[in-house]
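For reference, the chains in residue letters:
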Amino acid sequence: MEKEINESIQGQRLNLDERIGNTKKMFIESYGCQMNFSDSEIVASILANEGYNTTQNLEEADLVLVNTCSIRDKAEQTVRKRLEQYNAVKKINPTMKVGVLGCMAERLKEKFLDEEKIVDMVVGPDAYKDIPNLLKEVEEGRDAINVILSKDETYGDIAPVRLNSNGVNAFVSITRGCDNMCTFCVVPFTRGRERSREPQSILEEIQDLWNKGFKEVTLLGQNVDSYLWYGGGLKKDFVKATEMQKATAVDFAQLLDKCATQFPKMRFRFSTSNPQDMHIEVIETMAKHHNICKYIHLPVQSGSTRILEAMNRQHTREEYMALVDKIYEIIPEISLSQDMISGFPTETEVDHQDTLSLMEHAKYDFGFMFAYSERPGTLAARKMEDDVPEEVKKRRLNEIIALQQKLGWERTRRFVGQEVEVLIEKESKRSDSHWSGRNSQNTVVVFPKENYKPGDFVLVKVTDCTSATLIGHAVSYSEKMQSN
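All of these numbers come straight from a predicted model, not from anything done at the bench.

1. With respect to the overall build of the protein chain
Each helix and strand in the protein chain was counted, giving 15 helices and 22 strands. For the protein chain, the C-alpha radius of gyration of 23 Å lies close to 23 Å, the compact-globule estimate for 484 residues. The dimensions of the protein chain, computed from C-alpha atoms along their principal axes, are 65 × 55 × 55 Å. By the burial criterion, 58% of the 484 residues in the protein chain qualify as buried. When contacts within the protein chain are restricted to residue pairs at least 6 apart in sequence, long-range pairs at least 24 apart make up 72% of them. When the accessible area of the protein chain is evaluated, it comes to approximately 19,900 Å², of which 50% is carbon and sulfur surface. Taking the average place of the 63 positive charges on the side chains of the protein chain and the average place of its 75 negative ones, the gap between the two points comes to 1 Å.

2. Considerations on the pairing of strand β18 (residues 419-427)
With five bridges joining them, β18 and strand β21 (residues 457-465) adopt antiparallel strand pairing. Looking at the pairing, Val422 lines up with Val458 of β21. Across four bridges, the pairing between β18 and strand β19 (residues 434-438) is antiparallel. Bridging from a neighbouring strand, Lys426 pairs with Ser436 of β19. Between β18 and β19, which pair antiparallel and follow one another directly, the connecting turn spans six residues.

3. A closer look at the side chain of Gln404
With respect to the helices, strands and loops of the structure, Gln404 is situated in helix α15 (residues 390-413). If sequence neighbours within four positions are ignored, Gln404 has contacts with Gln338, Met359, Tyr364, Asp365, Phe366, Gly367 and Met369.

4. Things to note about the sheet that holds β18
Sheet architecture is closed into a barrel: five strands sit in the order β18-β19-β20-β22-β21, paired in mixed fashion. Averaged over all neighbouring strand pairs, the angle between strand axes comes to 55 degrees, with direction disregarded.

5. Comments concerning the nonpolar core
Soluble globular proteins: nonpolar side chains tend toward being buried together. In this structure, Ile206, Leu219, Phe252, Phe270, Ile296 and Tyr364 are the most contacted members of the largest nonpolar core, which totals 51 residues. Tyr31, Ala105, Phe112 and Leu113 belong to the second largest nonpolar core, which has 22 residues in total.

6. Comments concerning the packing of aromatic side chains
This model, assessed by the stated rule, comprises six aromatic pairs. Seen from their ring centres, Phe344 and Tyr372 are 5.1 Å apart, and the 70 degrees between their planes marks the pair as edge-to-face. Linking Phe344 in the loop between β16 (335-342) and α13 (349-362) with Tyr372 in the loop between β17 (366-371) and α14 (379-383), this pair joins segments that are 28 residues apart in sequence. According to the relative accessible area criterion, Tyr372 is buried, its value standing at 3%.

7. Considering the packing of helix α12 (residues 317-330) against α13
At a closest axis distance of 10 Å, the pairing of α12 and α13 adopts a crossing angle of 15 degrees. The angle between α12 and α13 places the two elements in the roughly parallel class. Read as a crossing pair, α12 and α13 show a hand that is right-handed. Judged by residue contacts, Arg317, Tyr320, Met321, Val324, Asp325 and Tyr328 of α12 engage Asp354, Ser357, Leu358, His361 and Ala362 from α13.

8. Side note on the state of the cysteines
Taken as a whole and assessed by the stated rule, the structure comprises zero disulfides. Unpaired in terms of disulfides, Cys103 finds its nearest cysteine sulfur in Cys69, a separation of 6.3 Å.

9. A closer look at the pairing of β16
Extensive coverage of β16 is indicated by the burial of eight of its eight residues. Here β16 shows no split at all, with Ser335, Ser337, Asp339 and Ile341 on one side and Leu336, Gln338, Met340 and Ser342 on the other all buried. Alignment of strand β15 (residues 295-297) against β16, held across three bridges, turns out to be parallel. By the bridge assignment for β16, Tyr295 is matched with Ser335. By the bridge criterion, six bridges tie β16 to β17 in an arrangement that is parallel. Bridging across to β17, Ser337 finds its partner in Phe366. Read from β16 through α13 to β17, the crossover connection turns out right-handed.

Definitions and cut-offs
Residues numbered from 1 in each chain as written. Predicted model: local features only at pLDDT ≥ 70, side-chain atom pairs only at ≥ 80, totals over all residues. Heavy atoms only, no water. Helix = DSSP H or I, 4+ residues; strand = E, 2+ residues; numbered from the N terminus. Rg over C-alpha atoms; globule rule 2.2 N^0.38 Å. Buried < 20%, exposed > 50% of the residue type's maximum accessible area, 1.4 Å probe, protein only. Contact = heavy atoms within 4.5 Å. Areas by Shrake-Rupley, 256 points an atom, 1.4 Å probe, with all protein chains shown as cover. Lys, Arg positive; Asp, Glu negative; His and termini not counted. Charge placed at Lys NZ, Arg CZ, Asp CG, Glu CD. Pairing = 2+ DSSP bridges. Axes fitted to C-alpha atoms, helices over the stretch in contact; angles between N-to-C directions. Core = buried A, V, L, I, M, F, W, Y, C linked by side-chain atoms within 4.5 Å. Phe/Tyr/Trp six-rings, centres within 6.5 Å; stacked < 30°, edge-to-face > 60°. Parallel < 35°, antiparallel > 145°, perpendicular 65-115°, else oblique. Left-handed = near helix turned anticlockwise from the far one by under 90°. Disulfide = S-S within 2.5 Å. Right-handed = clockwise from strand over helix to strand, strands pointing away.

These figures capture arrangement, not role.
Structure follows, in structure tokens:
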């Protein structure tokens, strides 16, 4: 549940420049969190070397792939509906092969082949390098599956193809898997145990992005704060590391510092953070570097210590609030966002009021809020009765959303009258005479184009705002960030 899911990009189709000599066509759609979209870039790179170009036309595809999410039932139902549509096309084009990638593939494994007769290939998140071998199995008339979770696969040796890129923002994966066994979450079962990627390969990928003109990188992981490189292997095995490995290990604060220092004209974000692993050194590193954005996505899920314990979150309400206070103390201009679940099993009205009061304390700028839905395979599904009535869940969720809208409006208004630094990303959706970008705090800013262009860092004087968007006019280029 701790994954930011951008509804506007769900089902986005990969679209790449054609590689001369490639004769086969693939059609790939992605669903879920940004990790899935990043993984699709890795798959694209592997298949480009296997003779595939992309197509936006489903009817002409030799291979159709859907990268899936298991975080909520709605996400899985969306994929099943898409498979029905693929099946209609497959009746016209019977040689077309269909593969399911990602978390849903990992959760259902062989069941997918039985339940969805259209599916020829099932590939888990750690098995993408095996796709060429699996395709050979499929071409020889056999169903193919690889859902083995790896202890060391990080895809650090594959340069991802950038999907539907604006040439300004890119995502770089730094960890895979998760060790936090939250009772509501399927991620540890679909993405395996946590392991980190070698720092040099991360810096090399960022260097390649810089060389190609990208201006902002988001470091991605299920839990970036617990990044720990000590020569390879699982995070949980660090206790067995040698003294030399421990002495030369790189943690997230150190990695973040390396990125910001080595690329002073590139902006950095990161997601997702886990409160128990958000160390003071990370916050101090953010404060130290202008080019590290002053925004943290800090999921909490509930404001009740009793519910947090039932969720197996490794912090209390009081510890979370103390962390928020420390963040505001060190970086007063920070923006925070949350994930929140209403109606977790046994949640009472008192627990719900604790959530609302914690939100008031944290003063979140944004939020990702859901009513609890039982996910098969999780500890909560096995051990806890889903006992909060749907109408109560919805009412509590609506109260959480209403409070977040109030807080968000208050937080957005603080920028009116200020100059904010904006990285221009794209044309505004509402006006082709305006640019759209984000400030350091992740708030969207819209302003007249004038002579600026995407990729420019611009100082914008904010004159007005809506509940989630700042409106203003450009004053000048940012001397701190503009590289030319």
